[in-house]
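Observations on the model geometry
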Amino acid sequence: MTARRAVIVGAGGLGGPIALSLGRAGLELVIVDPDVVELSNLHRQIHFATAELGAAKATALAASVTAAGGAARGHVARWTPEIADELAGDAELIVDGSDDPATKFAVSDWAVANGRSYVIASALRFSGNAMVGAPGTACYRCLFEEPVEAPSCADAGVLGPVVGAIGGVAAALAIGLARGDRSHAGSIFVFDDLRVATDPRIVKFMARRDCPTCMRAPISPFDSPARAAGQKGS
Ligand SMILES: [Zn+2]
């Protein structure tokens, strides 16, 4: 499968490098974010300029992608299941760089239910991770089960270079998926502490038998690999 369209959820420190990279790779983007550019965010959202303070992040980032020769439109809203069909109906790939655990679960649940590939990226302080999912593989909910109250970047802080690094990894993984590379699907790349520059741990995990998302998936990880591949289509 070669993806032509992607939805980027979150236009902040992770969403910026993800959108700019995927736009340069030739994907048509819809960028979804409810917030505006704020001065206190600029240290980790280096894709925004002070001239954009007060502008909607989704719109401003889409304009940057377009100025760099890509194709993108911004949608100023929080991703919810209610608007997901409209936003992502024709996108083959969803990439989450939001700062909100509930949104990450909503993105992954929708992607699994609709047979789409996805990447979920997170960064906090000096650490981060990026999980890759595709139809027929274990999902984000298999791994984390439920959203937990976690400190956000806004509350706990994160360095600009850390979100840039994790966003770059997430973009590379997403571009791989867009080109049909499923080798990392069902895995999570974990960076424990970027200051010590150890390699990421790449953890391949199994689908959880009682995962409600996978139980309802049209292409289930509990099927045989051959059957899952056959249902994948083109
Ligand atoms: Zn699952």
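Residues numbered from 1 in each chain as written. Predicted model: local features only at pLDDT ≥ 70, side-chain atom pairs only at ≥ 80, totals over all residues. Heavy atoms only, no water.

1. What about the environment of R24?
Along the polypeptide, R24 turns up in helix α1 (residues 15–24). For R24, a relative accessible area of 64% translates into the label exposed. For the pair formed by R24 and A68, sequence separation is 44 residues and the distance between their alpha carbons is 7.4 Å. Here A68 takes part through its backbone oxygen, which lies 3.5 Å from a polar atom of the side chain of R24. (Helix = DSSP H or I, 4+ residues; strand = E, 2+ residues; numbered from the N terminus. Buried < 20%, exposed > 50% of the residue type's maximum accessible area, 1.4 Å probe, protein only. Polar contact = N/O pair within 3.5 Å; in protein donor to acceptor, adjacent residues only side chain to side chain.)

2. What to know about the packing of aromatic side chains
How two aromatic rings sit relative to each other is given by the distance of their centres and the angle of their planes. On inspection of all chains with the given rule, the structure shows 3 aromatic pairs. Measuring from ring centre to ring centre gives 5.8 Å for W79 and W110, while their planes differ by 85 degrees; the resulting arrangement is edge-to-face. Here W79, found in the loop between β3 (71–75) and α3 (81–88), pairs with W110, found in helix α4 (residues 101–113); they are 31 residues apart in sequence, far enough to count as distant. Accessibility assignment for this pair places W79 and W110 in one class, buried. For the pair F105 and Y140, a centre-to-centre distance of 5.1 Å together with 65 degrees between the ring planes defines the contact as edge-to-face. In this pair, F105 sits in helix α4 while Y140 sits in helix α5 (residues 140–144), placing the two residues 35 residues apart along the sequence. (Phe/Tyr/Trp six-rings, centres within 6.5 Å; stacked < 30°, edge-to-face > 60°.)

3. Notes on the coordination of the zinc ion
Here the zinc ion is held by the protein donor atoms C139 (SG), C142 (SG), C211 (SG) and C214 (SG), which lie 2.3 Å from it. Metal-centred angles of 99 to 117 degrees between the 4 donor atoms at the zinc ion mark the site as tetrahedral. Sequence spacing of the donor residues for the zinc ion, all on one chain, is C-x2-C-x68-C-x2-C. Since its relative accessible area comes to 7%, C142 is described here as buried. (Donors = N, O, S within 2.8 Å, 3.2 Å for Na, K, Ca; no water. Tetrahedral: all angles 85-135°; square planar, octahedral: opposite > 155°, others 65-115°.)

4. Re the pattern of salt bridges
Applying the stated criterion across every chain, the model contains 10 salt bridges. For the salt bridge of R78 with D100, the shortest nitrogen-to-oxygen distance reads 4.0 Å. Here D100 lies in the loop between β4 (93–96) and α4 and R78 lies in the loop between β3 and α3, a separation of 22 residues in the sequence. You can call R78 partly exposed: its relative accessible area is 45%. D100 gets classed as partly exposed once you look at its relative accessible area, which sits at 23%. The network of salt bridges with shared partners includes R5, D90 and E92. (Salt bridge = Lys/Arg side-chain N within 4 Å of Asp/Glu carboxyl O.)

5. Observations concerning the packing of α1 against helix α2 (residues 57–67)
It is the contact of α1 with α2, at a shortest axis distance of 9 Å, that shows an interaxial angle of 30 degrees. The orientation of α1 with respect to α2, classified from their angle, is roughly parallel. Our pair here, α1 against α2, has a crossing hand that is right-handed. Residue-level contacts link G15, G16, A19, L20 and G23 of α1 to L61, S64 and V65 of α2. In the contact of α1 with α2, the residues fall into 4 nonpolar, 4 polar and no charged. (Axes fitted to C-alpha atoms, helices over the stretch in contact; angles between N-to-C directions. Parallel < 35°, antiparallel > 145°, perpendicular 65-115°, else oblique. Left-handed = near helix turned anticlockwise from the far one by under 90°. Contact = heavy atoms within 4.5 Å. Nonpolar A, V, L, I, M, F, W, Y, C, P; charged D, E, K, R; others polar.)

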